[in-house]
Amino acid sequence: MDGHTDSSWLGAPLEQLPTPALTLDLATLRGNAERMRERCRALGLRLRPHVKTHKTLEGAELATGGSRRGIVVSTLAEARFFAAGGFDDILYAFPVPRWRLAECSALAQRLQRFQVLLDSPQGLEMLLQNPLPGGKRWLVWLKLDCGNARAGIRPTDPEALSLARAIAQGSPELVTLVGVYAHCGNTYGCRDIAAIQAIARDTTAAVLEFVTALRQAGIPCPQATIGSTPSCSHPVPEMSQLTEVHPGNYLFYDLQQTQLGSCRPEEVAIRVLSRVIGHYPHRGQLLLDCGWAALSLHGRDRGPAGCAAIEGHPQLRLVGLTQEHGLVEAADGRLDFERFPLGSTLALIPFHACATAAMHPVYFVHAAGKVVELWRPVRGW
């Protein structure tokens, strides 16, 4: 029986699952979703959850509070998957590649509000040369780089204002400027909440200054959004002047978010279950049936816990990963093998939930120690 696709695992105790297995605590998921919605309500912001962490209909249903409206995707495979699942108001948060334009056009015609990002005049010209049929217009967000140094045009560049003007006023019958979008992923380099909030404050200020400049120049800009789970988990009051935010990881959280201060350890919903398959006393190690193919290598150089912490056993360290094997040692070198018999299960708290989730074809969602739902993510690009 294929344990990763067979629905007969519904109702099974977690300890019976085939390992490695990605598990999600349903109550924790719901709590994380509600707390983020409440933060946004308190600031008067719309929450547009990013779905790139979980990539599931169930997760997006939870994050949107059942509305199935207003999400962010990272891939066109995600966009098609969520469109087929009844979602609309989907923002493809990736500068539109020319070779994927036909797919974007099909989604724009299929949905009421399929939106794209631009950060260059060449991107705008591409849309103008490929108008949507039936009188529909391309719905465009201008991507700003406010310090994250990935995609985006810097709001202080003179070209940014002229690009916004061209989107909004150049061919209004073909293209509409929805708003400006900035991702403060540079918050992941912070060491404490104060530093995260400083970046959130600076990013918000840069976005709002640019929006003000647009309006003073007579350029309409209805929406302004920033996002990242660290910045949205401890939002600053200035963010209330935006219109929406777009965090993603918060539904699961992970070890990295705990280290950053985004969440408490008990708010991390994700675990990877692994079994002990070998004892090696001569080198003081346990062998697990979980390698990087079930966990990812992200985090291996980011602190003592590395790629994952081992729940309930702070004295243990995951010291090595190959494709299908994990090596565990005691931090003090004194490993009590009797506490971890062959076949016993350890719960790993991954450093980066997005990378770990991408390794699994199904998520085992549990309540009261038993599987209650199976979430199957979309894959591909």
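Refer to the preceding data block for the structure.
Residues numbered from 1 in each chain as written. Predicted model: local features only at pLDDT ≥ 70, side-chain atom pairs only at ≥ 80, totals over all residues. Heavy atoms only, no water.

A.B. asks: Got a minute to help me understand the overall build of the protein in this structure?
C.D. replies: In terms of regular secondary structure, the protein is built from 11 helices and 17 strands. A compact globule built from 381 residues should have a C-alpha radius of gyration of about 21 Å, and the protein, at 22 Å, falls within 12% of that. Roughly 15800 Å² of accessible area belongs to the protein as shown, and the carbon and sulfur atoms make up 53% of that amount. In the protein, the 37 positive side-chain charges and the 35 negative ones have mean positions that sit 4 Å from each other. (Helix = DSSP H or I, 4+ residues; strand = E, 2+ residues; numbered from the N terminus. Rg over C-alpha atoms; globule rule 2.2 N^0.38 Å. Areas by Shrake-Rupley, 256 points an atom, 1.4 Å probe, with all protein chains shown as cover. Lys, Arg positive; Asp, Glu negative; His and termini not counted. Charge placed at Lys NZ, Arg CZ, Asp CG, Glu CD.)

A.B. asks: Teacher, can you tell me more about the state of the cysteines here?
C.D. replies: Where two cysteines share a covalent bond between their sulfur atoms, that bond is called a disulfide. This structure, assessed with the given rule, holds 0 disulfides. Lacking any disulfide linkage, Cys40 is separated from the closest cysteine sulfur, that of Cys232, by 6.5 Å. Relative accessible area serves as the criterion here: at 4%, Cys40 is assigned to the buried category. The structure places no disulfide on Cys146, whose sulfur is separated from the nearest cysteine sulfur, that of Cys184, by 8.6 Å. (Disulfide = S-S within 2.5 Å. Buried < 20%, exposed > 50% of the residue type's maximum accessible area, 1.4 Å probe, protein only.)

A.B. asks: Any chance you could explain the environment of Arg46 here in plain terms?
C.D. replies: Along the polypeptide, Arg46 turns up in strand S2 (residues 46–47). The sequence separation of Arg46 and Ala27 amounts to 19 residues, and the corresponding C-alpha distance is 23 Å. In contact with Arg46, not counting residues within four places along its chain, are Arg69, Gly70, Asp89, Thr243, Glu244 and Val245. Of the polar contacts made by the side chain of Arg46, one reaches the side chain of Asp89; its length is 2.5 Å. (Contact = heavy atoms within 4.5 Å. Polar contact = N/O pair within 3.5 Å; in protein donor to acceptor, adjacent residues only side chain to side chain.)

A.B. asks: Help me understand the sheet that holds S2, please; the structure alone is not making it clear to me.
C.D. replies: Sheet strands line up and pair through hydrogen bonds in the backbone, either parallel or antiparallel. What the 8 strands build is an open sheet, ordered S2-S9-S8-S7-S6-S5-S4-S3; its pairing is parallel. Edge positions in the sheet fall to S2 and strand S3 (69–73), since each of these pairs with one other strand and no more. Across 2 bridges, S2 lies against strand S9 (residues 244–245) in parallel orientation. Looking across to S9, one finds that Arg46 is bridged to Glu244. Running at roughly 140° to strand S5 (residues 114–118), helix H5 (residues 121–129) makes contact with S5, strand S6 (138–144) and strand S7 (175–183) of the sheet. (Pairing = 2+ DSSP bridges. Axes fitted to C-alpha atoms, helices over the stretch in contact; angles between N-to-C directions.)

A.B. asks: What should I look at first to understand helix H4 (residues 101–110) in this one?
C.D. replies: Because an α-helix completes one turn every 3.6 residues, residues spaced three or four positions apart along the sequence face the same direction. Considered for burial, the residues of H4 that qualify are Leu101, Cys104, Ser105, Leu107 and Ala108. The buried residues of H4 occupy an angular sector of 165° when projected down its axis, which confines them to one face. Its buried side turned inward, H4 meets helix H3 (76–84), strand S4 (88–95), S5, H5 and S6. (Arc of directions from axis to C-beta.)

A.B. asks: I would appreciate a short explanation of the pairing of S6 in the present structure.
C.D. replies: The side chains of a regular strand alternate, first on one face of the sheet and then on the other. Extensive coverage of S6 is indicated by the burial of 7 of its 7 residues. Here S6 shows no split at all, with Trp138, Val140, Leu142 and Leu144 on one side and Leu139, Trp141 and Lys143 on the other all buried. Relative to S6, S5 runs parallel, the two sharing 4 bridges. Note on S6: the bridge partner recorded for Leu118 is Leu142. Following the backbone out of S5, through H5 and into the adjacent parallel S6, one traces a crossover that is right-handed. Examined bridge by bridge, S6 and S7 share 7 bridges and lie parallel to one another. Residue pairing across strands places Trp138 opposite Val175, the latter belonging to S7. (Right-handed = clockwise from strand over helix to strand, strands pointing away.)

A.B. asks: What am I meant to see in the packing of helix H6 (residues 158–170) against helix H7 (residues 193–216) here?
C.D. replies: Packed helix pairs are characterised by how far apart their axes lie and by the angle those axes make with each other. H7 packs onto H6 with a crossing angle of 55° between their chain directions and a minimal axis gap of 11 Å. Our classification of the angle between H6 and H7 gives oblique. The way H6 lies across H7 gives a crossing that is right-handed. Touching Ala160, Leu161 and Ala164 of H6 are Phe210, Ala213 and Leu214, all from H7. Tallied by class, the residues present in the contact of H6 with H7 amount to 6 nonpolar, no polar and no charged. (Parallel < 35°, antiparallel > 145°, perpendicular 65-115°, else oblique. Left-handed = near helix turned anticlockwise from the far one by under 90°. Nonpolar A, V, L, I, M, F, W, Y, C, P; charged D, E, K, R; others polar.)

A.B. asks: How do you make sense of the packing of H3 against H4 when you look at a structure like this?
C.D. replies: It is at 11 Å that the axes of H3 and H4 come closest, and there the two elements cross at 20°. When the axis of H3 is compared with that of H4, the two are roughly parallel. Along this stretch, H3 crosses H4, giving a crossing that reads as left-handed. Contacts between H3 and H4 involve Leu76, Ala79, Arg80, Ala83 and Ala84 on the former and, on the latter, Glu103, Cys104, Leu107 and Arg110.

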